[in-house]
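Residue-level structure breakdown
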Amino acid sequence: MMANHPVLPGRVFTDPNKNRFHVPQTLGFRNGVPVQALVLQGIGQEPLDAQSVQYLDKWDPNLFYGECRRAPKVNTVHPQYEVYENKTLAFRAFCVEPIAVPMEDQPRVRHVLLFYHLEDDTISVMEPPIVNSGCVQGKVLKRHRVPKASQDDGPKDAATASYWHWTDLNVGGSVWLYGRTYQLASCDAFTREFLERHGISVGGEIVVPADPYTQEQTRAMQRQTQDVDGHSPSAVLYQGLDKLGRFLAFDRQVLRFFAVWQDPMDPMHEKRYFKVLFYLADGTMEIQPEYKVNDGHYKYPNLLARQLLPRGGLLPADLPSFRDMDCYVAEDLQVGSEIEVLGRRLRLFDCDGFTRDYYAARLGIVQPPSVPTESPAPAPLVQPLPPHNGFGSPEDSLRSCLHLVPRRPCPSHPGPDDRPLRYLVRLNSERPHDLARRFVLSYQTRFGFCTITELGRRNSGREGGRFFGPRLIEKPDSDPMQPQPEYYGPADFAIGSTVVAAGCHFIVVGADLYVYKYVSERKGDFQEELIENLADYMRKEGLLRRDSE
């Protein structure tokens, strides 16, 4: 009857049969971390009201609530700077400048690169540098929005002015930028594909005319760089040219050699390294030292400033010039030869690739290969270890020889693959109460440490545990005065053999099956007698037969 009453204040009655009122536990620990559990039941394990909607997981909510209304799709509009980020239209253009100097009879042709940046509709103009062009080159127009105006238009307001757009640019067209008219001659592949994709027909490439002034300078340089016979300097030496011809032909061409010098008065026999630079334009030489970090030398910039270097390396102060002296030339510098500089004999041991190509192509000289300069390292001096003094273990005494302040030996921890070799041993004693004692000898294959553990036995009066180790066990017949005594190993633990450790004699009476597997897999390291000894024991104990089955 209680189920038929409405759930209203004053009409809810407690169940007299209910006898469980405990609160469910929601706080707990998981892996040491406090966590809060989900409340699934109420007081007295009564179902909660939230569980009444769990059946909706098995049914489609659209059957009860209808189709959910979805927001209409809105076409996302991406801004221009996002769509065209880092995308640039590149054109190759030229402009013809009027005659600025009365001495020039032909106009100048300036070759430029015009870039249109799509992300913000800006234009920049760059002029590639040309040697001896006679004009300032580089950035002609910095990146900004350029107004579209002609020569006859006056200044306009920025709000009403129109700017150049990429639709106004095409191969074969012209662009007027601040008093200069640039003719667009060609474009790159991306620019052509971009314009054609937007319905613009791109014209064919236009031949860019050469600059008359640059051509005249090139012809003048060729006339100056020819020798008296009219030959090109590529086939003759630069000595046949005059001073201006050598400068025009070999300007900024430098032969670079690497040299080494060892001071005979230095007791440490230190080697100093230098760079020898020979300038082909005037035949001068410059020698720069090379320094290392913390080498203890003051870092002078040059051993020899750029000048002519006389043979013999002396620079007499009473001569006003070097015209009357015999100076070094390019033919005198070869890998393996020596030059004298200020009383120092520098040995050339290597040169760079340009120097080798120059000698082979123009002088017909093949430079020898690089000469090694580093002397072989001396054999390391091995200090003999002193013999053991008899106090403590040899390992502790060795620490006092390796360090001024002796350090404690580092503990050795076996790795996951270092399974120990275990043997069953007993005491070789005449006392009756020692005959029943049994020990396990564990041998670590990586470090050679041995650990002896006594097995506990009820009502024996002795508590089992570690008896010895872990440490290296010296053989009794080894010389204790030697720095490296001989220690026990798996080859010494045959069934029936005796092991002396901590003043006690142990007899090996057994071994586990892994010992036999370890020894049999390494037959080259152990004798056949040891393998047969362990095999006989395994057959006697029945371990080998079960393992083979």
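Scroll up to find the structure.
Just so it is clear, the model here is predicted, and its values are computed rather than measured. (Residues numbered from 1 in each chain as written. Predicted model: local features only at pLDDT ≥ 70, side-chain atom pairs only at ≥ 80, totals over all residues. Heavy atoms only, no water.)

Moving on, we get to the packing of aromatic side chains. Inspection of the entire model under this criterion finds 18 aromatic pairs. By the ring-pair criterion, three or more aromatic residues cluster together here, those being Phe 250, Phe 257, Phe 354, Tyr 358 and Tyr 359. One cation-aromatic arrangement involves Arg 306 over Tyr 279; the distance from NZ or CZ to the ring centre is 3.7 Å. For the cation-ring pair, Arg 344 lies above Trp 261, with the distance from its terminal atom to the ring centre recorded as 5.2 Å. (Phe/Tyr/Trp six-rings, centres within 6.5 Å; stacked < 30°, edge-to-face > 60°. Lys NZ or Arg CZ within 6 Å of the ring centre and 35° of its normal.)

Let's shift gears to a nonpolar patch on the surface. A cluster of nonpolar side chains, contributed by Phe 21, Val 23 and Ile 43, occupies part of the molecular surface with about 320 Å² of accessible area. Note that Val 23 resides in the segment before β1 (27-30). (Patch = residues over 30% accessible without salt bridge, like charges linked within 9 Å, V, L, I, M, F, W, Y side chains within 5 Å. Areas by Shrake-Rupley, 256 points an atom, 1.4 Å probe, with all protein chains shown as cover. Salt bridge = Lys/Arg side-chain N within 4 Å of Asp/Glu carboxyl O. Helix = DSSP H or I, 4+ residues; strand = E, 2+ residues; numbered from the N terminus.)

Below, the discussion takes up the pairing of strand β7 (residues 174-177). Each regular strand displays side chains that alternate between the two surfaces of the sheet. Of the pairings in the sheet, the one linking β7 to strand β8 (residues 180-187) comprises four bridges and is antiparallel in character. Paired with Trp 176 across the two strands is Thr 181, which belongs to β8. In sequence, β7 turns back onto β8 through a hairpin of two residues, with Tyr 178 there showing a positive phi of about 50 degrees. (Pairing = 2+ DSSP bridges.)

Pairing in this open sheet of six strands is antiparallel, and the strands run β12-β11-β10-β9-β14-β13 from one edge to the other. In this open sheet, the two edge strands, each paired with only one partner strand, are β12 (304-307) and β13 (338-341). The sheet shows a mean angle of 35 degrees between the axes of neighbouring strands, taken without regard to direction. When strand β9 (residues 254-262) meets strand β14 (residues 344-351), the two strands line up antiparallel, connected through four bridges. (Axes fitted to C-alpha atoms, helices over the stretch in contact; angles between N-to-C directions.)

This paragraph deals with helix α3 (residues 189-197). Buried residues of α3: Thr 191, Phe 194 and Leu 195, and no others. One face of α3 carries all of its buried residues, which in axial projection span an arc of 95 degrees. After α3 finishes, the residue Gly 199 shows a positive phi value of roughly 85 degrees. (Buried < 20%, exposed > 50% of the residue type's maximum accessible area, 1.4 Å probe, protein only. Arc of directions from axis to C-beta.)

Looking now at the pattern of salt bridges. Throughout the structure, instances matching the rule amount to 25 salt bridges. Residues Glu 127 and Arg 110 are paired through a salt bridge, measuring 2.6 Å at the closest nitrogen-oxygen approach. On the criterion of sequence distance, the pair formed by Glu 127 in strand β5 (residues 122-127) and Arg 110 in strand β4 (residues 108-117) is long-range, its members being 17 residues apart. The exposure classification of Glu 127 matches that of Arg 110, with both residues buried. Between Asp 434 and Arg 462 there is a salt bridge; the shortest N-O distance is 3.9 Å. Here Asp 434 is found in the loop between β15 (421-427) and β16 (438-443), whereas its partner Arg 462 is found in the loop between β17 (450-454) and β18 (465-471), with 28 residues between them in sequence. Through salt bridges that share partners, Arg 431, Asp 434, Arg 437, Glu 454 and Arg 462 make up one connected network.

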